[in-house]
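# Residue-level structural notes
The residues making up each chain are set out below.
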Amino acid sequence: MASQDNVIVLSTDEIADREREAAVREFYGRICMRLDLAPLDRGALHLSASTLLLPGVSVAEGKVSPMAWERTAALRQDANDDLVVSWIAGGWGFDTPGQGTVETPAGAPCIMPMDGRWRARAPGGDWTICARFDRSTLEPLVRHVGDLRPDAINPGTPEARLLLAYVTAVARGGMSAGLAPLAAQHIADLFAAAVGTSREVGEVIAGRGVRAARIEAIKRYIEENMHKARLSAEMAGRGLGLSPRYIRRLFAEEGHSFSDYVMQRRLERIHRQLASPLFAARPIADLAFEAGLVEPSTFYRQFRSRYRMTPSEVRAGLAQ
């Protein structure tokens with residue numbers, strides 16, 4: 001186990017085979033997760049995960065071998081009443097005594113209350129994402145939070161997709177201490193939006209967590225599609241299921257237009273490459289083209305306006 005500030009990294013890769021199952025069951029399972037772990041189909045227990053701790057919320061990303069996770073009566077004596085929502089590549093089989101089994105589709109979320117008895121089976125864990133909430137974080141936002149079904153989140157809704165995308169981005173990107181409370185609030189807001197909440201609360205979180213998640217999703221879409229010369233608010237809208245007008249409004253509220261933000265990110269990418277020896281042999285025109293700037297005169301004019309230097313001058317500075 002490695003820990004740095006608010007990040008905890010767990011991995012079984014360095015544990016000897018003969019010791020792995022006992023270590024996973026006792027340390028990773030009962031002590032860290034407060035769950036009893038067991039392999040499926042007589043397999044071996046393997047897992048790796050990185051967990052980010054936020055105020056009232058933690059988010060984790062990792063992968064696991066096929067296994068079962070059980071919240072037993074003995075473990076429930078810790079009085080932990082956290083609520084967990086977890087996504088896993090192969091989907092969950094969630095068994096609750098007296099209530100039967102809920103099967104979630106591959107990659108769909110499953111809600112797991114730590115104050116209840118249950119057993120969750122995960123036959124495929126090539127990837128897994130998890131958010132864990134203090135009950136007090138959710139109670140102001142979600143009515144009867146303790147009564148939510150394991151499959152209370154419909155994975156096909158925009159709110160559910162935003163929740164997964166935002167939790168994944170936070171888990172992978174880390175978080176400064178100053179932004180941690182804001183990110184935690186956004187995640188709680190998105191969870192509330194995904195399970196459904198009162199109209200009054202919904203109006204609050206729509207302008208808070210949902211907005212933040214949408215702008216994050218749009219910016220991630222821009223990074224992934226920057227190479228496309230015709231990248232526009234219309235294209236992003238089609239890709240994300242949002243209206244171009246709404247996308248433009250979100251950027252206007254940040255003080256710039258969608259196109260200005262795209263140009264800024266393209267120029268920053270090219271400037272970073274020109275200042276790196278890794279790209280010293282690449283023609284400048286190729287770097288611009290790969291960033292979606294196919295008109296040379298526009299690229300040079302915009303670059304010089306932003307950096308008060310030509311691309312060649314930036315590259316020459318690297319050689320000095």
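It should be emphasised that the depicted structure is a prediction, and the values quoted were computed from it without experimental measurement.

The next thing to look at is the overall build of the chain. Counting secondary structure elements, the chain contains twelve helices and twelve strands. Dimensions of the chain, computed from C-alpha atoms along their principal axes, come out at roughly 70 × 55 × 35 Å. In the chain, which comprises 320 residues, the share counted as buried stands at 46%. Summarising the internal contacts of the chain: among those between residues at least 6 apart in sequence, 67% fall at separations of at least 24. As displayed, the chain offers around 16,300 Å² of accessible surface, 51% of which is attributable to carbon and sulfur atoms.

Along its sequence, the chain is organised into domain 1 (5-196) and domain 2 (206-314). Centre-to-centre separation of domain 1 and domain 2, based on C-alpha positions: 35 Å. At the interface, ten residues of domain 1 touch nine residues of domain 2. Approximately 820 Å² of surface area, both sides summed, lies buried where domain 1 meets domain 2, with 70% of it carried by carbon and sulfur atoms. Viewed at the interface, domain 2 and domain 1 are joined by zero salt bridges. Where the side of domain 1 that touches domain 2 is concerned, the elements lending two or more residues are helix H3 (158-173) and helix H4 (180-195). Among the elements that make up the side of domain 1 that touches domain 2, the one with the highest residue count is H4 (five residues). Its residues placed into classes, the side of domain 1 that touches domain 2 shows seven nonpolar, two polar and one charged.

Further remarks concern the pattern of salt bridges. Applying the stated criterion across every chain, the model contains 19 salt bridges. One salt bridge connects Asp36 with Arg25, and the closest N-O pair in it is separated by 4.0 Å. Here Asp36 is found in strand E3 (residues 36-39), whereas its partner Arg25 is found in helix H1 (residues 17-33), with eleven residues between them in sequence. Glu103 is paired through a salt bridge with Arg121; the nearest N and O atoms lie 3.3 Å apart. Separated by 18 residues along the polypeptide, Glu103 in strand E9 (residues 100-103) and Arg121 in strand E11 (residues 118-122) bring together distant segments of the chain.

Looking now at unusual backbone geometry. Of note in the backbone geometry, Arg34 takes a positive phi value of approximately 60° without being a glycine. Checked against the element boundaries, Arg34 lands in the loop between H1 and E3. Under the relative-accessibility criterion, Arg34 is labelled partly exposed at 25%. One non-glycine residue, Arg308, lies in the positive phi region at around 60°.

Moving on to the sheet that holds strand E6 (residues 67-71). Pairing is antiparallel across the open sheet formed by five strands, whose spatial order is E3-E6-E11-E8-E9. Only two strands of the sheet have a single partner each, and these edge strands are E3 and E9. Pairwise comparison of adjacent strand axes, ignoring direction, gives a mean angle of 20° for this sheet. In this sheet, E9 lies alongside strand E8 (residues 93-96) in antiparallel orientation, the contact comprising four bridges. Paired with Thr96 across the strands is Gly100, a residue of E9. Contacts from H1 reach E3 and E6 within the one sheet, and its direction differs from that of E3 by about 145°.

Looking now at the layout of surface pockets. Over the atoms, a rolled probe matching the size of one water molecule traces out where space is still vacant. In this structure, the largest pocket spans a volume of roughly 680 Å³. Taken together, 35 residues make up the lining of the largest pocket; nearest its centre are Met33, Thr51, Ala60, Cys130 and Arg132. Elements supplying a minimum of two residues to the lining of the largest pocket: strand E2 (7-11), H1, strand E4 (47-54), strand E5 (57-64), strand E7 (83-88), E11 and strand E12 (128-133). Looking at the lining of the largest pocket element by element, the count peaks at eight residues for E5. By residue class, the composition of the lining of the largest pocket is 22 nonpolar, eight polar and five charged.

The next point concerns H1. Taking the largest bend as the criterion, H1 deviates by roughly 45°, centred on Ala23. Every buried residue of H1 is accounted for by Arg20, Val24, Tyr28, Gly29 and Met33. On its buried face, H1 is in contact with E2, E3, E4, E6 and E12. Downstream of H1 by one or two residues, Arg34 has phi in the positive range, about 60°.

What counts as what
Residues numbered from 1 in each chain as written. Predicted model: local features only at pLDDT ≥ 70, side-chain atom pairs only at ≥ 80, totals over all residues. Heavy atoms only, no water. Helix = DSSP H or I, 4+ residues; strand = E, 2+ residues; numbered from the N terminus. Buried < 20%, exposed > 50% of the residue type's maximum accessible area, 1.4 Å probe, protein only. Contact = heavy atoms within 4.5 Å. Areas by Shrake-Rupley, 256 points an atom, 1.4 Å probe, with all protein chains shown as cover. Domains from an automatic or database assignment. Buried area = accessible area lost by both parts, 1.4 Å probe. Salt bridge = Lys/Arg side-chain N within 4 Å of Asp/Glu carboxyl O. Nonpolar A, V, L, I, M, F, W, Y, C, P; charged D, E, K, R; others polar. Pairing = 2+ DSSP bridges. Axes fitted to C-alpha atoms, helices over the stretch in contact; angles between N-to-C directions. 1 Å grid on protein atoms, 1.4 Å probe; cavity = no way out; pocket = protein on both sides within 12 Å on 5 of 7 lines; lining within 4 Å. Points joined across faces, edges and corners; volume = space filled by probe spheres on them. Bend = angle between axes of the 7 residues up to and from the residue.

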